[in-house]
Amino acid sequence: MIRSMTAFARKDTEGEWGSLTCEIRAVNHRYLEPAFRLPEPLRELENGFRETLRKRLGRGKVEIGLRLQLADDATGGLTVNQALAEELNDAANHINRILDNPAHINALDILRWPGVLQSGERDLEPVKEAAQALFAETVDELVGVREREGERLRPLFEERLQEITDSVSQVRKRMPELLEQQSDSLRERFEAAKVELDPDRLAQEMVVLAQKSDVAEELDRLDTHVSEVRQTLSGDKPIGRRLDFLMQELNREANTLSSKSIDAEVTRVAVDLKVLIEQMREQVQNLE
């Protein structure tokens, strides 16, 4: 399965407790690097979320945002710390008896005092359960988007690989003809220089020429690497790193083919191969 590292997914859910929105953005990265933005009541879920991502994603820079909106009736109500309020009232009355012109203290003054007015306990378990389920659904959607984006690249790889195969076959068919042309050219140079043709010397020169221009190994390795790429594309594991390595190997053989070229047509083919390989390599950088 070909998976892109670039994707976006968003899911929403609601309940009596309020609403939740989960957004996940992913881009290419050498390793798996998640970054979380969670509301304070749900911070304790982060470790579990990280483990889920580790199981589902191979690599990529992943930003996870979770927004929580609690319903008005989900706050648990307000309670008054009666003991503290009575202590404040007694203290105020005591001060009033000391002062010549005491100020009146009202209920709002006492309520403003820190700790007098308290929020009731919230039952966050339903929220946490909903957040875990929502996160799992969002990750599922993200993985699906990654797979769809990756599969869109399959025709590009298949087309480029076929072009490489055709080019290799073209060069392989031409090699006997090219070597024969080089042999004729060598004889002509000997004759033009009016050098007596020594059969042994000519044979030695032809051996050296054949060794310098023999690209059979490069052509075989190109075919082998193309087969490896095709096999890798058909696997069900993350393939980005292996494909990146294979692109380097393909490029190395194309460079060697170019350096050994004894014909303008072979040089052109080598250049075309490097262009095809670079087009694939650019896409490979974004694969998981």
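This structure is a prediction, so every number in the text was calculated from the model and none was measured.

Cut-offs applied
Residues numbered from 1 in each chain as written. Predicted model: local features only at pLDDT ≥ 70, side-chain atom pairs only at ≥ 80, totals over all residues. Heavy atoms only, no water. Helix = DSSP H or I, 4+ residues; strand = E, 2+ residues; numbered from the N terminus. Buried < 20%, exposed > 50% of the residue type's maximum accessible area, 1.4 Å probe, protein only. Contact = heavy atoms within 4.5 Å. Areas by Shrake-Rupley, 256 points an atom, 1.4 Å probe, with all protein chains shown as cover. Axes fitted to C-alpha atoms, helices over the stretch in contact; angles between N-to-C directions. Parallel < 35°, antiparallel > 145°, perpendicular 65-115°, else oblique. Left-handed = near helix turned anticlockwise from the far one by under 90°. Nonpolar A, V, L, I, M, F, W, Y, C, P; charged D, E, K, R; others polar. Pairing = 2+ DSSP bridges. Core = buried A, V, L, I, M, F, W, Y, C linked by side-chain atoms within 4.5 Å. Phe/Tyr/Trp six-rings, centres within 6.5 Å; stacked < 30°, edge-to-face > 60°.

A. Layout of the overall build of the chain. From N to C terminus, the chain includes nine helices and six strands. In the chain, buried positions account for 35% of the 288 residues. If you take every contact in the chain between residues at least 6 apart in sequence, the share linking residues at least 24 apart comes to 79%. Accessible area of the chain: about 17,300 Å², with a carbon and sulfur share of 48%.

B. Geometry of the packing of helix α7 (residues 216–233) against helix α8 (residues 240–259). Here α7 crosses α8 at 160°, and the two axes come no closer than 10 Å. As summarised for this structure, α7 and α8 are arranged roughly antiparallel, according to the angle between their axes. In this structure, α7 meets α8 at a crossing whose hand is left-handed. For the pair formed by α7 and α8, the contact residues are Glu218, Leu219, Arg221, Leu222, His225, Val226, Glu228, Val229, Thr232 and Leu233 on the first element and Arg242, Leu243, Leu246, Met247, Glu249, Leu250, Glu253, Ala254, Thr256 and Leu257 on the second. When grouped by side-chain class, the residues that make up the contact of α7 with α8 number 11 nonpolar, three polar and six charged.

C. A look at the sheet that holds strand β2 (residues 18–27). With mixed pairing, the four strands of this open sheet are ordered in space as β1-β2-β4-β3. Both outer strands of the open sheet, β1 (7–15) and β3 (32–37), are each paired with one neighbouring strand and no more. Across the sheet, the mean angle from the axis of one strand to that of its neighbour is 10°, orientation sign disregarded. Sheet topology note: the β1/β2 ladder contains nine bridges and is antiparallel. Of the residues in β2, the one forming a bridge with alanine 7 is alanine 26. Packed onto the sheet, helix α1 (residues 46–56) meets β3 and β4 (60–70) and runs at close to 150° relative to β3.

D. Looking closely at the nonpolar core. Among the nonpolar cores identified, the biggest contains 30 residues, and Ile164, Val171, Val229, Leu233, Leu243, Leu250 and Leu257 are the most heavily contacted of them. Of all the secondary-structure elements, those providing two or more residues to this core are α5 (154–192), α7, α8 and α9 (264–284). Per-element accounting of this core gives the leading share, eight residues, to α9. Apart from the residues lying within four places of it in its own chain, the contact partners of leucine 243 are Val229, Thr232, Leu233, Val284 and Leu287. Of all hydrophobic cores here, the second largest spans 29 residues; its members include Leu42, Phe49, Val62 and Leu124.

E. Examining the packing of aromatic side chains more closely. This model, assessed by the stated rule, comprises two aromatic pairs. When the ring of phenylalanine 36 is compared with that of phenylalanine 49, the centres are 6.3 Å apart and the planes differ by 25°; the resulting orientation is stacked. Residue phenylalanine 36 is located in strand β3, and its partner phenylalanine 49 is located in helix α1; the two are separated by 13 residues in the primary sequence. For the pair phenylalanine 36 and phenylalanine 49, a shared accessibility class is recorded, and that class is buried. With centroids separated by 4.0 Å and ring planes inclined at 20°, the aromatic side chains of phenylalanine 49 and phenylalanine 135 adopt a geometry described as stacked. Separated by 86 residues along the polypeptide, phenylalanine 49 in helix α1 and phenylalanine 135 in helix α4 (residues 125–151) bring together distant segments of the chain. Of the two residues, phenylalanine 49 and phenylalanine 135, both sit in the buried class. Through successive ring pairs, a cluster of aromatic residues spans Phe36, Phe49 and Phe135.

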